[in-house]
Amino acid sequence: MVQLSTSAKKIPVYEKTIVPTKLFLVEGIGNEFFSNKHLILVAVLLPLVLIPFLGLSFWSYPIILLIDIFPVFIAYNVYYARFGKEVRDQKSLPGAKIEEYLTIKDADLKKVYSGKTKIPIETFFESYFDEKIDINGDMLEILEHRWDWASFVWTFTQFTFLVLQWIPETLWHSKKQDEDQVRDHYDRGDDFYAAFLGPRMIYTSGIITDLKDAESLETLQDNKLALVCDKINLKPGERLLDIGCGWGTLSAYAAGKGANVTGVTLGLNQAEYCRNAAKEKGVGEKVNILCMDYRDIPKEETFDKITCLEMSEHVGVIRYQGFLQQVKRLLNDDGVFFLQIAGLRRTWQYEDFMWGLFMAKYIFPGADASPPLNWVIEQLERAGFEVSSSDTIGVHYSATLFRWYINWLKNKDQIVKSYGTRWYRIFEFFLAYSAIIARQGSATCFQIVAHKNLNSVDRNQFINHRFQVPTK
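Residues numbered from 1 in each chain as written. Predicted model: local features only at pLDDT ≥ 70, side-chain atom pairs only at ≥ 80, totals over all residues. Heavy atoms only, no water.

## What to know about the overall build of the protein chain
For step 1, the next point in the chain: Per the secondary structure count, the protein chain includes 18 helices and eleven strands.
For step 2, the next point in the chain: In terms of overall dimensions, the protein chain is globule-like: its C-alpha atoms have a radius of gyration of 24 Å, near the 23 Å expected for 472 residues.
For step 3, the next point in the chain: Counting only C-alpha atoms, the protein chain reaches 70 × 65 × 55 Å along its principal axes.
For step 4, the next point in the chain: Counting only residues that meet the buried cut, the protein chain has 53% of its 472 residues in that class.
For step 5, the next point in the chain: Sequence separation of 24 or more characterises 79% of the internal contacts of the protein chain that already satisfy a separation of 6 or more.
For step 6, the next point in the chain: For the protein chain, the computed accessible surface area is about 22300 Å², with 57% contributed by carbon and sulfur atoms. (Helix = DSSP H or I, 4+ residues; strand = E, 2+ residues; numbered from the N terminus. Rg over C-alpha atoms; globule rule 2.2 N^0.38 Å. Buried < 20%, exposed > 50% of the residue type's maximum accessible area, 1.4 Å probe, protein only. Contact = heavy atoms within 4.5 Å. Areas by Shrake-Rupley, 256 points an atom, 1.4 Å probe, with all protein chains shown as cover.)

## A word on the pattern of salt bridges
For step 1, the next point in the chain: In this structure the tally under the stated criterion is 15 salt bridges.
For step 2, the next point in the chain: Its salt-bridge partner being Asp-134, residue Lys-105 comes within 3.3 Å of it at the nearest N-O pair. In this pair, Lys-105 is assigned in the loop between strand S1 (102–104) and helix H3 (107–112) and Asp-134 in strand S3 (residues 133–135), connecting sequence segments 29 residues apart.
For step 3, the next point in the chain: With a relative accessible area of 46%, Lys-105 lands in the partly exposed category. (Salt bridge = Lys/Arg side-chain N within 4 Å of Asp/Glu carboxyl O.)

## Overview of unusual backbone geometry
For step 1, the next point in the chain: With phi around 50°, Met-201 is a residue other than glycine that occupies positive phi space.
For step 2, the next point in the chain: On the secondary structure map, Met-201 appears in the loop between helix H9 (190–197) and helix H10 (217–231).
For step 3, the next point in the chain: You will see that Glu-310, though not glycine, has its phi angle at about 55°, which is positive.

## Looking at the side chain of Lys-231
For step 1, the next point in the chain: Mapped onto the elements, Lys-231 comes out in helix H10.
For step 2, the next point in the chain: At 2.9 Å, the side chain of Lys-231 forms a polar contact with the side chain of Gln-447.
For step 3, the next point in the chain: If near-sequence neighbours (up to four positions away) are discounted, Lys-231 is found in contact with Phe-338, Asp-391, Gln-447 and Val-449. (Polar contact = N/O pair within 3.5 Å; in protein donor to acceptor, adjacent residues only side chain to side chain.)

## Structural notes on the sheet that holds strand S11 (residues 443–452)
For step 1, the next point in the chain: Read across the open sheet, the seven strands follow the order S7-S6-S5-S8-S9-S11-S10; overall the sheet is mixed. The outermost strands of the open sheet, each flanked by one partner alone, are strand S7 (287–291) and strand S10 (385–392). Along the sheet, successive strands turn relative to each other by an average axial angle of 15°, direction set aside.
For step 2, the next point in the chain: Relative to S11, S10 is paired through seven bridges, and the arrangement is antiparallel. Note that in S11 the partner of Ser-389 across the bridge is Val-449. (Pairing = 2+ DSSP bridges. Axes fitted to C-alpha atoms, helices over the stretch in contact; angles between N-to-C directions.)

Laid out in structure tokens, this is it:
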């Protein structure tokens with residue numbers, strides 16, 4: 001029998017924890033043994049089998065090939081996710097029955113998943129949101145044991161979402177689509193987000209500076225605000241453009257350091273909150289909030305510094321190069337661009353995709369520009385930027401999400417009363433699972449400092465403490 005340390009009704013004690021601790025070192029099925037050659041070979045050879053079987057002419061081969069590519073891709077991934085070789089052998093798992101972790105209330109589900117039969121992770125979270133399943137403990141701890149009771153295989157509903165919603169939205173990204181998705185998400189209610197973001201109202205990763213004591217969420221975010229302004233060498237009197245300013249905390253902070261700030265958000269609630277917050281902090285005259293699509297930012301103005309923290313994911317892959325070209329036009333020749341962006345890892349495991357599709361469906365719809373670092377750097381360089389520095393802050397994000405999760409648990413009664421059990425459970429799962437995902441590197445976050453790649457740029461400004469040689 002597995003011993004879980006907390007019950008579902010008790011908030012776990014995590015006060016001294018910096019980043020949630022790994023319980024099991026498990027690697028799943030991923031690209032290490034995935035063969036693109038085998039996939040291509042199957043797609044190429046299948047028409048040669050189908051043509052004589054169907055009595056078709058050999059000249060129909062190109063048409064059959066085009067028709068079979070997508071089904072073969074799906075079938076190959078379904079098979080590989082279920083029967084492929086794991087990156088490492090799974091060891092040290094408790095081997096407990098699924099009933100130790102979950103209480104399955106739905107009769108049909110109970111017939112299928114019992115004992116050592118694992119439930120697909122997508123089936124679990126959808127059933128949990130629908131209250132067909134309850135968990136026998138703290139969500140974070142249950143998910144730390146997930147390899148003991150869950151499988152990471154494709155389901156029909158995942159493919160339905162992928163084909164009918166995710167792919168069309170990824171290929172389009174109209175202003176109307178982006179506006180609807182952003183306002184449906186971020187205008188849900190400031191109290192909803194305050195329940196986990198806390199008083200800073202910052203929905204991006206904070207920064208750890210103390211490895212001995214667990215810093216508070218507010219300290220992590222204050223560290224980040226200071227670090228961003230330090231990385232861009234922000235000076236009094238400079239003009240800063242904050243694209244995707246959220247609830248305006250960075251905009252107000254930068255204005256407090258003497259900058260003249262323009263913040264841009266599509267959220268109606270966020271824009272009003274930004275203006276009020278700036279006034280309360282005594283910097284209302286230095287902060288101008290524009291409630292508009294990033295594509296509508298006035299072209300007449302240019303800025304000394306531009307920041308974009310975890311908003312460019314919503315730009316979309318198909319429009320990302322255009323976005324960077326726009327940033328370049330808005331930036332002075334000697335200006336600095338700071339980009340903080342979350343993305344999946346290049347060396348993938350199927351669990352990464354299962355989590356990513358959940359996020360696309362429930363948390364950040366339309367945020368398909370969440371790629372590995374090499375893709376982001378390539379886009380920046382193509383747009384005419386030189387990357388001065390890049391830092392991976394995934395573990396910092398895990399610490400931030402972990403603190404958001406604790407806040408969410410503490411505010412359960414308020415959220416359930418105002419928004420219902422379903423929304424509470426969706427974000428309970430999101431925050432707990434994402435803290436693990438960021439810790440283990442399935443998805444991470446990058447802080448990138450860039451500038452125009454011109455001969456005239458003063459690159460001396462980027463010589464900082466990281467290049468100081470320690471004294472003997």
